[in-house]
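Understanding the architecture of this molecule
Residues per chain, in single letters:
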Amino acid sequence: MAEAIQKVCVIGSGVMGSGIAAQIANAGVPVLLLDIPAKEGDNRSAIAEGAVAKMLKTEPAPFMSRGAAKLVETGNIEDDLDKVATCDWIVEAIIENLDIKRSLYEKLEEHRKKGAPVSSNTSSIPLAMLTEGRSDDFKKSFLITHFFNPPRYMRLIELVTSEHTSAAIVERVETVVDRTLGKSVVWAKDTPGFIANRIGTYWIQTGVNAAFDLGVSVEEADAIAGKPMGVPKTGIFGLVDLVGLDLQPHLMASLQSTLPKDDPYQAIARSEPLIEKLIADGFTGRKGKGGFFRMNKDGGKRTLEAIDLNTGEYHTAARPAVPVGPAAKGDLKMLVEAEGKYGEYAWTVLGNTVAYAALLVPEISDTIVGVDDAMKLGYNWKFGPFEWIDKLGADYVAKRLEEDGKPVPELLKLAAGKTFYRIEDGKRQYLGTDGEYHDIVRAEGVLLLEDIKRASKPLLRNSSAALWDIGDGVVCLEFTGKMNALDGEVMKLIGQAANLVAKDHKALVVYNEGSHFSAGANLGLALFAYNIAAYSEIEQLVAGGQMAYKALKYAPFPVVGAPAGMALGGGCEILLHCDAIQAHAELYVGLVECGVGLIPGWGGCGEMLDRWRKMPKMPNGPMPAVAKVFEIVSTATVSKSAANAKELGFLRPADGVTMNRDRLLYEAKQKALALAEGYTAPEPPEFRLPGPSGKAALMLAVSDFHNRGLATDYDVVVSDALATVLTGGDGDPVQPISENEMLALERKEFMTRLHDPRTLARIETMLETGKPLRN
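Residues numbered from 1 in each chain as written. Predicted model: local features only at pLDDT ≥ 70, side-chain atom pairs only at ≥ 80, totals over all residues. Heavy atoms only, no water.

**Digging into the pattern of salt bridges**
Put simply, the test is: What counts as a salt bridge is simple: a side-chain nitrogen of Lys or Arg found within 4 Å of a carboxyl oxygen of Asp or Glu. For every residue, the accessible area obtained with a 1.4 Å probe (protein chains only) is divided by the maximum for its type, and the residue is called buried under 20%, exposed over 50%, and partly exposed between those limits.
Counted under the stated rule, the structure contains 49 salt bridges. Arginine 270 serves as the salt-bridge partner of glutamate 272, at 2.9 Å between the closest nitrogen and oxygen. The buried category is assigned to glutamate 272, whose relative accessible area is 12%. Under the relative-accessibility criterion, arginine 270 is labelled partly exposed at 30%. Salt bridges sharing partners connect three or more residues here, namely Lys7, Glu73, Asp80 and Lys83.

**What about unusual backbone geometry?**
The condition that has to hold: Strands here are runs of E lasting at least two residues and helices are runs of H or I lasting at least four, both read from the DSSP assignment and numbered beginning at the N terminus.
Omega for the peptide link from glutamate 59 to proline 60 comes to -5 degrees, which places this bond in the cis form. In this structure, proline 362 follows valine 361 across a cis peptide bond, with omega equal to 15 degrees. Note on placement: proline 362 falls in the loop between helix 16 (340-359) and helix 17 (368-379).

**Brief notes about the pairing of strand 4 (residues 89-92)**
The condition that has to hold: Here, a strand pair is defined by DSSP locating no fewer than two bridges between the strands.
Here strand 4 shows a buried face lined by Trp89 and Val91 and a second buried face lined by Ile90 and Glu92. Across 4 bridges, strand 1 (residues 8-11) lies against strand 4 in parallel orientation. Counted as the bridge partner of isoleucine 11 is glutamate 92 from strand 4. Two strands pair when backbone bridges link them, and strand 4 and strand 5 (residues 118-120) are joined in this way by 3 bridges, in the parallel orientation. Following the sheet pairing, glutamate 92 is matched in strand 5 by serine 120.

**Some thoughts on the packing of helix 8 (residues 196-214) against helix 17**
The condition is simple: Convention adopted: a line fitted to C-alpha atoms gives each axis, helices being fitted over their contacting stretch, and angles between N-to-C directions are expressed from 0 to 180 degrees. Roughly parallel means an angle under 35 degrees; roughly antiparallel, over 145; roughly perpendicular, 65 to 115; everything else is oblique. Here, residues are in contact when the closest pair of their heavy atoms is within 4.5 Å. Amino acids are sorted into nonpolar (Ala, Val, Leu, Ile, Met, Phe, Trp, Tyr, Cys and Pro), charged (Asp, Glu, Lys and Arg) and polar (every other residue, Gly among them).
Closest axis-to-axis distance for the helix 8/helix 17 pair is 9 Å, and the angle between their directions is 70 degrees. Relative to helix 17, the element helix 8 lies roughly perpendicular. Of the residues in helix 17, those in contact with Ala196, Asn197, Ile199, Gly200, Thr201 and Trp203 of helix 8 are Val371, Ala374, Met375 and Tyr379. Of the residues in the contact of helix 8 with helix 17, the class split is 7 nonpolar, 3 polar and no charged.

**As for the nonpolar core**
Let me state the cut-off plainly: Take the buried Ala, Val, Leu, Ile, Met, Phe, Trp, Tyr and Cys residues and link them wherever side-chain atoms come within 4.5 Å; each set so joined is a nonpolar core.
Grouped together as the largest cluster of nonpolar side chains are 109 residues, with contacts concentrated most on Met229, Phe237, Phe292, Tyr345, Phe386 and Phe420. When residues of this core are assigned to their parent elements, the largest contribution, 11 residues, is made by helix 16. Setting aside residues no more than four positions away along its own chain, phenylalanine 292 makes contact with Val218, Phe237, Val240, Asp241, Leu245, Ile275, Leu278, Glu305, Ala306, Ile307, Leu309 and Tyr314. Residues Val490, Phe517, Val559 and Leu576 belong to the second largest nonpolar core, which totals 81 residues.

**Brief notes about the sheet that holds strand 13 (residues 427-431)**
Spatially, 3 strands are ordered 12-13-14 in an open sheet, and the strand pairing comes out antiparallel. In the strand order of this sheet, the two ends are held by strand 12 (421-424) and strand 14 (437-439), each with one partner. Averaged over all pairs of adjacent strands, the angle between their axes in this sheet comes to 40 degrees, without regard to strand direction. Pairing geometry for strand 12 and strand 13, over 4 bridges, is antiparallel. Among the inter-strand pairings, tyrosine 421 is bridged to a residue of strand 13, identified as tyrosine 430.

**A closer look at the packing of aromatic side chains**
We apply this condition: When the centres of two rings from Phe, Tyr and Trp lie within 6.5 Å, Trp using its six-membered ring, the rings pair. Their planes under 30 degrees apart give stacked, over 60 give edge-to-face, and anything left gives tilted.
Scanning the entire structure with this criterion turns up 13 aromatic pairs. Measuring from ring centre to ring centre gives 5.7 Å for tyrosine 549 and tryptophan 602, while their planes differ by 70 degrees; the resulting arrangement is edge-to-face. Linking tyrosine 549 in helix 24 (residues 535-553) with tryptophan 602 in the loop between strand 22 (587-590) and helix 26 (604-613), this pair joins segments that are 53 residues apart in sequence. Residue class for tryptophan 602 comes out buried when judged on its relative accessible area of 6%.

**Some words on the packing of helix 26 against helix 32 (residues 739-754)**
The interhelical angle for the contact between helix 26 and helix 32, taken along N-to-C directions, is 130 degrees, at an axis separation of 8 Å. For the element pair helix 26 / helix 32, the angle class is oblique. Residues Gly604, Cys605, Gly606, Glu607 and Leu609 of helix 26 form the contact with helix 32, whose participating residues are Glu739, Met742 and Glu746. Of the residues assigned to the contact of helix 26 with helix 32, the class counts are 3 nonpolar, 2 polar and 3 charged.

Here it is, written out as structure tokens:
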């Protein structure tokens, strides 16, 4: 087992360096953040301090909680470099200048702790050049750890080592970036641009060139080379705006100087006068005055504008009627075979990119898996280049390259009549450079439901959920509907699962591998029922959900929730009923029903009250917990991380947090097995609530918000319903209220709000626009 890293030094507090420091602090590891001394003022560490202060105001937030920021100590490299001796790992993230980096490494040789790893976050300078002239001991401890921006949210880290790097150092750094920082490691060769930026820069340059050459507008280019290809909606031009137009010339110059003269990138690297002018005039993208797109705020109205590549003038951005859009989603062949410039543009971008990727294996990565993973994790592509080829067909790609008069890479020839990936005996395999298929092997401690599903059949399944045996007596409940929304079918399967697990298994984990755990109740279904006045069916769904969740809570086996991404409304409520939670660090959980004119209806009110009254240092009496839950639920507060979810009470202090998404199911399973030993179900709670006087106090605060214009007329009505439930209705505050009585109050107030047309308006608006209606 690799020696633990207790403290890290990050040198360089720019966007990347400060972001890396924040992610290390997010993991609970103290950080020393150093930068050059400030040239003005008395505070010589002002640059590093300013970087931390800026991150506390930045959205999306680099820190998962304000507490994480307290783990960052700041300083400067002239006065505080000796402090690196207290650190177990040094990350260099300074300017991409070889001489400046080498000068820093010379100083680090004197101060660093013996055996402490030193890594560079360089994105373009080969490792061999960085360590030239350094001692053998320094070379043994040196490697490249290339994070992607923003470091908190991007899962990829490219690791690059040399023949000098110690195996123990490699294991130590790999362990901390994987298990502690939650990054997915892709091993890259010591070549210019490594993997993701080598291919990504070629893809961007190809897309920009083709748009100019074929007369394709920036809106059309991003509509074609975006969602239809499984690329984020930013497409190519939107991505350049995001990272900065001024970065592209530096990447181009770096690759031109380090790549072989016969590399295909050399042939396409070119500068456009329009882009040069944009950069010179400060139009560097989102961080500047705008770029290929800009937001015009004249007259108090925000209008997205796009640049005309021919004239350089801005116009209102169009939604191009690209004929290959919806029809070609997921059908790459239809996309590249579309008539006219759209199909030509699609093929130019896609065909050249996959050919370039095929040419670079094994130069940049030993396997195609490394290449595909790097592009999916680093650029958020849904498919990697070799998965693209499989969708088109290797023979088809080779034939079209030949028709274009372009060479067919040897790896593509090797795949003739085959696919780059296949399923064999329930295992996913990839085609190696040796022409043989090899199993994709997961790291120790990684358990993925996609592998389970590939090799087995569900224990139970319906249209909205499934139940899987994940081994060792543990069963996994998976939601399968759109956005993992919850409906009657989910509740039906939960009831069946409770019986099945109690009979034949030890524990249940609630988990899925969607982008989000659950968006909550199926609002479309509720709207349909509302429109046909099927109120009794809706009330049955509410009661059925309460029963299903209580069946999990009081089952004779432990239930562990394992959420990642959004867990909203009913998705939050199922977690509140679990015995324990093992959450991914990026958890956005909340009871958001008030935003659509409703209140939590599946037991969320009582469960949150029960949690808050047991919070450490919570004052005695019924009102403090009631007031806190009312504040959180009435404002539809959603956590910004798992750490923040603990602060809000959605997670208990003892609930676990997993940094690496791929390790979430395994760690949840281990928690479930630990709880199964001698498990007994919890006792139903009783509540002592403040009654009408407590409700009056809550509504006094709401009235103040309403008078200040911070709450709408209907917000007041919905808040009244929530306050009724949380304070126990009209009952005597002396008498305890049972859990079932709380559930009855929830159902009553939920259904009353559902009958109100103002709730209908909120639901319709949310479904149509994805935004709340402020009525």
